[in-house]
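Listed below are the residues making up each chain.
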Amino acid sequence: MLEFIFGLIGGTALLMYGVDKMGDGLEKASGKLMHKILSVLTGNIWSAFFVGIATTVLVQSSTAITVLTVGFVNSGLMNLSQAIGIIYGANIGTTITAQLMAFSFKFKLTEIALPVIGIGFAISYFAKKDILKNIGNAVMGFGIMFLGLKILNSGIPFVRENEAIRMFFQNYASITIIGIILGAIATAMVHSSSATVGLVLMLGQAGVIGLPGAIAIMLGDNIGTCITAQLASMTGNINARRTAWAHSLYNIIGVTICALMIGPFIHVVEAATQFFSHSDNIALQIANSHTIFNVLSAIIFLPFHKLYVKFLEKIIRDKKVDEFEYLDKNLLTTPVAAFRATLQETSRALGIVKNMINKSLSAFYKNSTEPFDEVNQDEETLNRIQKDVTSYIVDISKLVLIDQYSVMVPAFINAINNIERVGDHTVEYLRNITLKIDKKLPFSDVSINEIKNFEKILIEMIDITVKGISEKDNSNTERIRALEEQLDNLYQTALKNHIKRLEKGVCNVEAGIIFVDLIAHLERMGDHIFKVYMIVMEDNLISDL
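The rules behind each value
- Residues numbered from 1 in each chain as written.
- Predicted model: local features only at pLDDT ≥ 70, side-chain atom pairs only at ≥ 80, totals over all residues.
- Heavy atoms only, no water.
- Helix = DSSP H or I, 4+ residues; strand = E, 2+ residues; numbered from the N terminus.
- Rg over C-alpha atoms; globule rule 2.2 N^0.38 Å.
- Buried < 20%, exposed > 50% of the residue type's maximum accessible area, 1.4 Å probe, protein only.
- Contact = heavy atoms within 4.5 Å.
- Areas by Shrake-Rupley, 256 points an atom, 1.4 Å probe, with all protein chains shown as cover.
- Lys, Arg positive; Asp, Glu negative; His and termini not counted.
- Charge placed at Lys NZ, Arg CZ, Asp CG, Glu CD.
- Axes fitted to C-alpha atoms, helices over the stretch in contact; angles between N-to-C directions.
- Parallel < 35°, antiparallel > 145°, perpendicular 65-115°, else oblique.
- Left-handed = near helix turned anticlockwise from the far one by under 90°.
- Salt bridge = Lys/Arg side-chain N within 4 Å of Asp/Glu carboxyl O.
- Expected span 1.5 Å × (residues − 1).
- Patch = residues over 30% accessible without salt bridge, like charges linked within 9 Å, V, L, I, M, F, W, Y side chains within 5 Å.
- Phe/Tyr/Trp six-rings, centres within 6.5 Å; stacked < 30°, edge-to-face > 60°.
- Lys NZ or Arg CZ within 6 Å of the ring centre and 35° of its normal.
- Nonpolar A, V, L, I, M, F, W, Y, C, P; charged D, E, K, R; others polar.

The next subject is the overall build of the chain. A tally of helices and strands in the chain yields 25 helices and zero strands. A compact globule built from 545 residues would reach a C-alpha radius of gyration of about 24 Å, whereas the chain, at 30 Å, exceeds it by more than 25%. Projected onto its principal axes, the C-alpha positions of the chain cover 105 × 55 × 40 Å. Each of the 545 residues in the chain was classed as buried or not, and the buried ones make up 54%. Excluding contacts between residues fewer than 6 apart, the proportion of contacts in the chain whose partners are at least 24 apart in sequence is 83%. Approximately 24500 Å² of the chain is accessible, and the part contributed by carbon and sulfur atoms is 61%. In the chain, which carries 46 positive and 50 negative side-chain charges, the distance between the mean positions of the two groups comes to 3 Å.

Rendered as C-alpha cells:
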C-alpha cells in the first residue's frame with residue numbers, strides 16, 4: 001500500500017514536471033515562431049484559433065496559454081474576441097499530451113524512458129548553441145513524462161487487486177456527474193489536466209474504470225483547468241475577467257451538453273477510435289474522447305463567436321473605467337510577451353511626456369498656472385512608471401534568457417530612465433514659468449517663437465519615437481538625428497540672439513535669465529528623447545517583439 005502511494009505521488013510529480021520541461025524546451029527552441037505569434041494575434045477569430053492550437057502544442061499546457069492570454073488582454077496586447085479564439089484553439093492543442101500518453105501505452109514507449117532522458121541530458125549538457133540545449137531539455141522532459149507514466153503503471157497490479165478501489169470506480173466514478181466532479185476537483189488541485197488524464201489512463205489500463213467513467217472524469221478535467229485562469233484574472237481589468245469567464249463558461253457549457261448526450265458521445269468515440277486506429281484499446285479511446293470533445297466544442301462555438309463575445313460583455317460588467325495594466329505579471333513566463341508589454345508602457349510614458357511639454361509651454365505662452373497640477377500629476381505617474389518598469393525588467397532578468405533578450409534588459413531600463421529625466425526637466429522649468437508669471441516679465445515675440453520652435457522639434461522627435469516603437473520601424477533614424485542636430489543648432493542660435501537683444505536693451509535681464517535656463521532644459525530634453533530612440537530602435541532591437 002505504502003509503495004503504491006509513494007509511486008502515485010512520485011509518478012504524478014514526474015509526469016507534471018516532464019510535461020512542463022518538455023513544453024518549456026519546445027517553446028524556447030521554437031523562439032522565432034513565438035516571436036511572430038504576437039503579430040498574428042491582431043488577426044481575425046480564425047487566425048487566433050489556429051495560433052491557440054499552435055502555441056499550446058508548443059508549451060503543452062492549455063492552462064499556461066490561457067493564463068498568458070488573460071495577461072495579454074489585461075495589458076492591452078489583445079482584445080477579448082481574439083482571446084476567446086485563442087482559448088478555443090488551446091483546448092484542442094492540449095489534447096496532444098493525452099494522445100502522446102496513449103501512444104506510449106500502445107507502443108511501450110515507457111520502457112525507453114530512461115534512455116530518452118539520458119539522450120536529452122547529453123544534448124543539453126554538451127550542446128553549445130541555445131537552440132540545441134533547449135531541444136535537449138524538451139527531449140529530457142519527454143523522457144521524464146514517460147518515466148512518470150511508467151511509475152504510475154507499476155501500480156496497476158495493486159489497483160487491480162484492491163477491491164475498495166475497484167468498487168469505488170466501478171460503482172461511483174461511472175456515474176457521470178460524480179466522475180465530472182472528481183475530474184474537476186483533481187485537476188483544480190494539481191493545476192494540470194495532463195496529470196489527471198495520466199491517472200485515468202492508468203486506471204483504464206488496470207481495468208478498474210470503464211470508458212463512461214473515464215470520459216466523465218475527462219469532462220471534469222476541462223472544468224477544473226479553468227481555476228488557474230480565474231485566479232490570474234482576479235487582479236486584472238474587466239476584459240481580463242471576461243477572458244477567464246469565457247474559458248470557464250465555454251468548458252462548462254460544452255461539458256453540460258456532452259454530459260446530457262453521454263451515450264451518443266461514447267458511441268462516437270468508440271467508432272472514431274476503431275476507424276482511425278482499428279483498435280478498441282481503452283487508452284486510445286480516452287485520449288480520443290479528450291480530443292473529440294474539444295474539437296466538437298470549438299465547432300459548436302465558432303459560428304456563434306460574435307454572439308458569445310456580446311453575451312460576455314453584457315453579463316460581466318464593471319462600473320469603473322477600464323484601464324490596461326501593461327506590466328501584467330502573468331506575462332513574465334514568456335519573455336517575448338513581457339518585453340512587448342514593457343514596450344507598451346515605454347510608449348505610454350512618452351505620451352505622458354508629450355502631454356507635459358504641451359501643457360507646461362502652453363502655461364508659459366498664456367501666463368497661466370492652471371495646467372501646473374496636471375503636469376505635476378503626470379510627473380508622479382512618470383516616476384511610478386519608471387519604478388514599475390525597472391522592477392518588471394528585473395523580474396524578467398531573473399528568467400533564463402537567450403542573448404537576444406538579455407540585451408533588452410539594460411536597454412529598456414536605460415530608455416525609461418531617459419524618459420523620466422525629460423519629465424524632471426519639465427517640472428524643473430515650471431519654476432521659471434512661475435517666476436515669469438508672478439513678476440509679469442516681458443518676453444519678445446522673437447524669443448517666444450524660438451521657444452515654439454524648440455517645442456515643435458521635441459514633439460516631432462517624440463512622435464517619431466512612438467511611431468518607431470508601435471510599428472517596429474527604424475527608417476526615421478536619419479530624420480531624428482537631423483532633428484537632434486537642429487535642436488543643438490537652435491540652442492546656439494537662440495543664445496546668440498539673446499545676447500544681441502541684451503546688448504540692444506530689447507530684453508529684460510531677469511526675463512533673459514529665465515529664457516536661457518528654459519532653452520537649456522529644452523535642449524537637454526531633446527538629448528534624452530534622442531537617446532530613447534537610439535536605445536530602443538538601434539540594431540533592430542525590438543524587431544521581433
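Turning to the packing of helix H16 (residues 262–277) against helix H17 (residues 282–301), a few remarks are in order. The interhelical angle for the contact between H16 and H17, taken along N-to-C directions, is 115°, at an axis separation of 9 Å. Put simply, H16 runs roughly perpendicular to H17. H16 and H17 meet at a crossing whose hand is right-handed. Seen from H16, the contacting residues are Phe265, Val268, Val269, Glu270, Ala272, Thr273 and Ser277; seen from H17, they are Leu284, Gln285, Asn288, Ser289, Ile292, Phe293 and Leu296.

Let's shift gears to the pattern of salt bridges. Where side chains of opposite charge bring their charged atoms close, a pairing between them can arise. Tallied over the full model, the rule gives nine salt bridges. For Arg421, the salt bridge goes to Asp424, with nearest N and O atoms at 3.0 Å. In this pair, Arg421 and Asp424 both sit in helix H22 (residues 408–438), three residues apart, roughly one turn of the helix. Its salt-bridge partner being Arg479, residue Glu460 comes within 2.9 Å of it at the nearest N-O pair. Of the two residues, Glu460 sits in helix H23 (residues 445–471) while Arg479 sits in helix H24 (residues 477–504), which places them 19 residues apart along the sequence. Given a relative accessible area of 27%, Glu460 falls into the partly exposed group.

Moving on, we get to unusual backbone geometry. As a rule of thumb, non-glycine residues mostly have phi less than zero, and peptide bonds are mostly trans rather than cis. Positive phi values are uncommon outside glycine, yet His278 reaches one of about 50°. Position of His278 among the secondary structure elements: in the loop between H16 and H17. Phi is positive for Lys472, close to 50°, though the residue is something other than glycine. Mapped onto the elements of the fold, Lys472 is located in the loop between H23 and H24.

This part takes up H23. Its 27 residues place the ends of H23 38 Å apart at the C-alpha level, agreeing with the 39 Å of an ideal helix rising 1.5 Å per residue. One or two steps after H23, the chain reaches Lys472, where phi turns positive at roughly 50°.

The next subject is a nonpolar patch on the surface. A grouping of Phe168, Tyr172, Ile175, Ile177, Ile181, Ile185 and Met189 is seen on the molecular surface, where their side chains present a nonpolar patch of about 700 Å² in accessible area. Looking at the nonpolar patch, the elements with two or more residues in it are helix H10 (163–173) and helix H11 (176–190). Structurally, Ile175 can be placed in the loop between H10 and H11.

A few words on the packing of aromatic side chains. Throughout the structure, instances matching the rule amount to 14 aromatic pairs. An angle of 45° between the planes, with centres 4.9 Å apart, marks the rings of Tyr88 and Tyr250 as tilted. Linking Tyr88 in helix H5 (residues 80–93) with Tyr250 in helix H15 (residues 238–260), this pair joins segments that are 162 residues apart in sequence. Residue class for Tyr88 comes out buried when judged on its relative accessible area of 0%. Taken together, a centroid distance of 5.1 Å and an interplanar angle of 70° make the contact between Phe301 and Tyr308 edge-to-face. Put simply, the rings of Tyr88, Tyr250, Phe301 and Tyr308 touch in pairs and so form one group of aromatic residues. Positioned above the aromatic ring of Tyr365, the side-chain terminus of Lys452 is 5.2 Å from the ring centre.

Another aspect to go through is the packing of H5 against H15. Where H5 contacts H15, the two axes come as close as 10 Å, and the packing angle between them is 35°. In the crossing of H5 with H15, the sense of the turn from one axis to the other is right-handed. Note on element contacts: H15 touches H5 through Asn239, Arg242, Thr243, Ala246, His247, Tyr250 and Asn251, opposite Leu80, Ala83, Ile84, Ile87, Tyr88 and Asn91. Of the residues assigned to the contact of H5 with H15, the class counts are seven nonpolar, five polar and one charged.

With that out of the way, let us pick up helix H4 (residues 62–74). Taking 1.5 Å per residue as the helical rise, H4 with its 13 residues ought to reach 18 Å, and the 18 Å between its terminal C-alpha atoms agrees with that figure. Within H4, twelve of the 13 residues are buried, which leaves the element mostly enclosed by the surrounding structure.

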